[in-house]
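# What the coordinates show
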Amino acid sequence: FLLDQRIDGGLVLLRQLLLDEAPGSLMAMLREQALCDGARLLLPYRSAQQTVITLELLLVEAGDADRAEARVHHWLAQLTRLTPTQRAHYAQLSSRHFAQLPVMDQLRESAFGFAPARTGGDDGAALFARLSAAPLSRLSITDSAPLAQRDVQGWTLACQPGRRPAVQPDAAGEAFVFFPQPQASASPALPARQVSLPHHRRDETPAVLLLSPEGDLPAHWGLVMQARLRALAAGCVHRGGELAIGCPQGHWLIQLQGEAALMVSTLASLNALLADIPPGVIARGERESLRQRQALHDDIAVRALLGALPETLQPLHNPAGGQMPLNLPWRAVLDGGDHELHRQLACLL
């Protein structure tokens, strides 16, 4: 998007909204419709007179570019109707994320124009209005499109310029969800039986529940699990909690923390999601696994070897024995929290 003025405010808020993965968000809908696996917001050029803002979509299929773009235009139009409370909520999330970054990453974000504003003067409303009316151009990068060699300003580029008709907003699509949203207070039904859940530092806060598979989970299944829980994790953040899914030292780990009611409802949702994984989510996790493997070829050798080491050290046989790995036994431990929270979590597990 080409804007005929210098833009200094609102970029961090725009990126926070773009990368939000909670149910009803742009990214959640694009993934559910198998249109897009990821997105980035870039600031490739800025001067005293002009600003270029780039929104990059990682498409599942190149032929779905128009459908994905139509959803983006519909989303941009809805950004102009955000309330001050909603803009303040996303600004708070972006500031919290920035504060958690290492110092060098904070410096990098600042250098590229994505440091949160030190004052609350610009909440992004003006930027959202300008984006909807700004002229734009598109660049499609695929492996299959026939390309021609062109000399541009002394550089030989492989590209195929052309014109595409304007894409209209997908106004018929369902409305996007922006937070904060009213939360239902109903508690999930608890099974009568309980597992033996180790409980350390009773009655201390904050409470943290750690979950990990008993055996070694194949890397691509860990990414499938991560893809399945993305929306739930993002929704948890909007409610003041955290659901983190990672693979430290080659072993997959889920970490849940927040208020007691949030931890109970989130764990109940997590159980339901991992018990029923659609084929589309499995395909999404496998695509991410393939991209990560391909990225190793572009990295320096030592870093590539260290990245491949944890999976290489895992047993060569399939620990699932033909079962889906997520159905095998898990380990769990609760750190902090009171007796009632421990009981509820033990029942759900």
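Everything below is about the structure printed above this text.
Anyway, here's the lowdown on the structure attached to this text. What you see is a predicted model, and the numbers here were worked out from it, not measured in a lab. (Residues numbered from 1 in each chain as written. Predicted model: local features only at pLDDT ≥ 70, side-chain atom pairs only at ≥ 80, totals over all residues. Heavy atoms only, no water.)

On to the overall build of the protein chain, then. Secondary structure assignment for the protein chain yields 11 helices and 10 strands. Against the compact-globule benchmark of 20 Å for 349 residues, the protein chain has a radius of gyration of 23 Å, which places it among compact chains. Overall, the C-alpha framework of the protein chain stretches about 65 × 50 × 45 Å when taken along its three principal axes. When each of the 349 residues of the protein chain is scored for burial, the buried share is 37%. The contacts of the protein chain with a sequence gap of at least 6 include a subset with a gap of at least 24, amounting to 76%. When the accessible area of the protein chain is evaluated, it comes to approximately 20400 Å², of which 54% is carbon and sulfur surface. The positive charge centre, built from 30 side chains, and the negative charge centre, built from 34, are 3 Å apart in the protein chain. (Helix = DSSP H or I, 4+ residues; strand = E, 2+ residues; numbered from the N terminus. Rg over C-alpha atoms; globule rule 2.2 N^0.38 Å. Buried < 20%, exposed > 50% of the residue type's maximum accessible area, 1.4 Å probe, protein only. Contact = heavy atoms within 4.5 Å. Areas by Shrake-Rupley, 256 points an atom, 1.4 Å probe, with all protein chains shown as cover. Lys, Arg positive; Asp, Glu negative; His and termini not counted. Charge placed at Lys NZ, Arg CZ, Asp CG, Glu CD.)

As a further point, take unusual backbone geometry. As a rule of thumb, non-glycine residues mostly have phi less than zero, and peptide bonds are mostly trans rather than cis. Cis geometry marks the peptide bond from Phe 179 to Pro 180; its omega dihedral reads 5°. Summarising the element assignment, Pro 180 is placed in the loop between strand S5 (155-159) and strand S6 (199-200). With an omega of 0°, the peptide bond between Thr 205 and Pro 206 qualifies as cis. With respect to the helices and strands, the residue Pro 206 is situated in the loop between S6 and strand S7 (208-213). For Ala 34, which is not glycine, the phi torsion reads 55° and is therefore positive. Tracing the backbone through its elements, the reader meets Ala 34 in the loop between helix H2 (26-32) and strand S2 (36-46).

Another aspect to go through is the sheet that holds strand S9 (residues 253-257). Whether parallel or antiparallel, the strands of a sheet pair through hydrogen bonds between backbone atoms. Across the sheet, five strands lie side by side as S6-S10-S7-S9-S8; this open sheet has mixed pairing. The open sheet has two free edges, formed respectively by S6 and strand S8 (242-246), since each of these has just one partner strand. Pairing of S6 with strand S10 (residues 330-335), which is carried by two bridges, proceeds in the parallel orientation. Bridging across to S10, His 200 finds its partner in Asp 335. Where helix H7 (residues 219-238) meets the sheet, it contacts S8, S9 and S10, and its direction lies at approximately 160° from that of S8. (Pairing = 2+ DSSP bridges. Axes fitted to C-alpha atoms, helices over the stretch in contact; angles between N-to-C directions.)

Taking 1.5 Å as the rise per residue, helix H8 (residues 260-275) with 16 residues should run 22 Å; its terminal C-alpha atoms sit 23 Å apart, in good agreement. For H8, the full list of buried residues reads Leu 262, Met 263, Val 264, Ser 265, Thr 266, Leu 267, Ala 268, Leu 270 and Leu 274. Buried residues along H8 sit against S7, H7, S8, S9, S10 and helix H11 (339-348). (Expected span 1.5 Å × (residues − 1).)

To find leftover empty space, one rolls a probe the size of a water molecule over the atoms. In the structure shown here, the tally under the stated rule is two cavities of 30 Å³ or more. Here the largest cavity defines a volume of roughly 50 Å³. Taken together, Phe 1, Leu 14, Leu 41, Ile 53, Leu 55, Trp 75, Leu 76 and Leu 131 form the lining of the largest cavity. Counting only elements with at least two residues in the lining of the largest cavity, the list comes to strand S3 (51-59) and helix H3 (65-79). A breakdown of the residues in the lining of the largest cavity according to their chemical character gives eight nonpolar, no polar and no charged. Of the pockets and cavities examined, the second largest cavity occupies roughly 40 Å³. Forming the walls of the second largest cavity are Leu 17, Asp 20, Gly 24, Ser 25, Leu 26, Trp 75, Tyr 90, Phe 176, Val 177 and Phe 178. When grouped by side-chain class, the residues that make up the lining of the second largest cavity number seven nonpolar, two polar and one charged. (1 Å grid on protein atoms, 1.4 Å probe; cavity = no way out; pocket = protein on both sides within 12 Å on 5 of 7 lines; lining within 4 Å. Points joined across faces, edges and corners; volume = space filled by probe spheres on them. Nonpolar A, V, L, I, M, F, W, Y, C, P; charged D, E, K, R; others polar.)

Everything listed is a geometric property; what it means functionally is a separate question.
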